[in-house]
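Spelled out from the first residue to the last, the chains are:
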Amino acid sequence: MKTYLQIHPGDNVAVALEPLSAGTPAEAGGTTLVLAEDIPQGHKFSLCPIAAGEQIIKYGYPIGIAKEDIRPGSHVHIHNLKTGLGDLLTYTYQPQVCAPAPTEERFFQGYRRADGKAAVRNELWIIPTVGCVNNIATAVERKAQYLVSGTVEAVAAFPHPYGCSQMGDDQEHTRQILADLISHPNAGGVLVLGLGCENSHIDVLKEYIGAYDPNRVKFLVCQESDDEISDALALLEELAAYAGQFRREPISCRELIVGMKCGGSDGLSGITANPTVGAFSDLLISKGGTTILTEVPEMFGAETQLMNRCETEELFEQTVDLINDFKEYFTSHGQTIYENPSPGNKKGGISTLEDKSMGCTQKSGTAPVRGVLSYGERVKEKGLNLLSAPGNDLVASTALAAAGAHIVLFTTGRGTPFASPVPTVKISTNNRLYHKKQNWIDFNCGTLVEGGTLTELRDRFFDYVISVASGEPVKSEKAGFHDMAIFKQGVTL
């Protein structure tokens, strides 16, 4: 079994696949070196002399600049490596578009909604219009669990602190995300719970929802009710009777939409889990399906790879705007664009934002970019889409669900128990995490460093995702977790 990996032949660093001790021999380009110090799992060590000011190369691309002279076999990390990134950049479209060849059609057992949309869950959702009614929503959720029966798979409330005292785009985004969730096909029935005096009250929100099925969506204004909990339960009983009529049936993967996100990344993220998700993305797209990649700040440093995979120059320009608009968001708030990676990322072996981004974008596979979405915008194009959202796990995963993702794939090297409005598959990058947190982790990609091929792991993972789409609950669902978070961007009155 390999104990370290030079990811690309042009790299001047390798990654430890397990903890390595000082004195361990390593070979690169026919030359044997000896590790000068202990190297933790997921961390980098130099394969040759690297002079101060010279680029550190990983994945075949620069991930930063040496702050000092580095001897062969030395630990390469934040103590001797710094980012090489700048602020706003000018980009040139150099298309490198190669679509995956079509592959055999696959089916999952899903639900077909009255409007023709496909779904992978049949749940009852309680959506508050404003944070003032959060406690009512959660109380109703607790009392309504008796409705989970037959094909009604869950009753879930989605509390949030917004819906009032917001202005401009901040308020618009809240309304759009709520409307997106109300329209999400994974909800067989939705109770929209309002207060009555909020900015985003029900009558306003209906303008964002657009046409809706009154059998599927019910509304309750708490200030107009004598007993809002009893009234809410009565409406949920109606919704349960409606949703309970749906049955699973074969649906082509052409209609499956999957979001892709990572968090708590480590040095193995870009070697095991993220490439597996990228290979899955290519395979799903080859069958006519759709994937969505987000967390824009974690594209910084690897953005040109995505830009050059844009199918048209118009999409290229939209991707440039996607990147630069987010950089301007940072600077307009007086924040450093490259204040990343997180302490957990650094502990796991990620040294710079370029290092993190190169690993993060592995989740996009090799398929061409066919859509670029604003925050709150729903997916329209099949294939790979890029979505504007921050790196925050809950906010980005909610944005993926709001964009139309039936399932979110979440790779992690450190683990997290959170959920999103849709099934959120936790994928470990290393074996230690998988064995330690089996109550959180759904699928282990750490085995990739022990042998086997990426194609074999991809196929096994694809089968697992099909099983989730067909009703197999993920660990967070078994725990009863349903989370959501909205991107707060403006002032509060």
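Calculation rules
- Residues numbered from 1 in each chain as written.
- Predicted model: local features only at pLDDT ≥ 70, side-chain atom pairs only at ≥ 80, totals over all residues.
- Heavy atoms only, no water.
- Core = buried A, V, L, I, M, F, W, Y, C linked by side-chain atoms within 4.5 Å.
- Buried < 20%, exposed > 50% of the residue type's maximum accessible area, 1.4 Å probe, protein only.
- Helix = DSSP H or I, 4+ residues; strand = E, 2+ residues; numbered from the N terminus.
- Contact = heavy atoms within 4.5 Å.
- Patch = residues over 30% accessible without salt bridge, like charges linked within 9 Å, V, L, I, M, F, W, Y side chains within 5 Å.
- Areas by Shrake-Rupley, 256 points an atom, 1.4 Å probe, with all protein chains shown as cover.
- Salt bridge = Lys/Arg side-chain N within 4 Å of Asp/Glu carboxyl O.
- Lys, Arg positive; Asp, Glu negative; His and termini not counted.
- Charge placed at Lys NZ, Arg CZ, Asp CG, Glu CD.

1. Some details on the nonpolar core
And step 1. One finds Phe108, Leu409, Val425, Ile427 and Phe461 to be the most contacted residues of the largest nonpolar core, which totals 91 residues.
And step 2. Per-element accounting of this core gives the leading share, eight residues, to helix 12 (residues 454–469).
And step 3. Leave out the neighbours within four places in its chain, and Leu409 touches Val258, Gly259, Met260, Lys261, Val277, Phe280, Val425, Ile427, Phe461 and Val465.
And step 4. Ala137, Ala157, Leu235 and Leu239 belong to the second largest nonpolar core, which has 24 residues in total.

2. Thoughts on a positive patch on the surface
And step 1. A cluster of basic residues, Lys347, Arg414, Arg432 and Lys436, forms a positive patch on the protein surface.
And step 2. Tracing the backbone shows Lys436 in helix 11 (residues 431–436).

3. As for the pattern of salt bridges
And step 1. Inspection of the entire model under this criterion finds 19 salt bridges.
And step 2. Measuring nitrogen to oxygen at the nearest pair gives 2.6 Å for the salt bridge that ties Glu255 to Arg112. Within this pair, whereas Glu255 is found in the loop between strand 16 (249–252) and strand 17 (257–262), its partner Arg112 is found in strand 10 (residues 107–112), the two being separated by 143 residues in sequence.
And step 3. The partly exposed category is assigned to Glu255, whose relative accessible area is 28%.
And step 4. With a relative accessible area of 26%, Arg112 lands in the partly exposed category.
And step 5. Put simply, Glu298 and Lys356 hold a salt bridge, and the shortest N to O gap is 3.2 Å. Within this pair, whereas Glu298 is found in the loop between strand 18 (290–293) and helix 6 (303–307), its partner Lys356 is found in helix 9 (residues 353–360), the two being separated by 58 residues in sequence.
And step 6. Overall, Glu298 belongs to the buried group, its relative accessible area being 7%.

So far we have only geometry, and geometry alone does not tell us how the molecule works.
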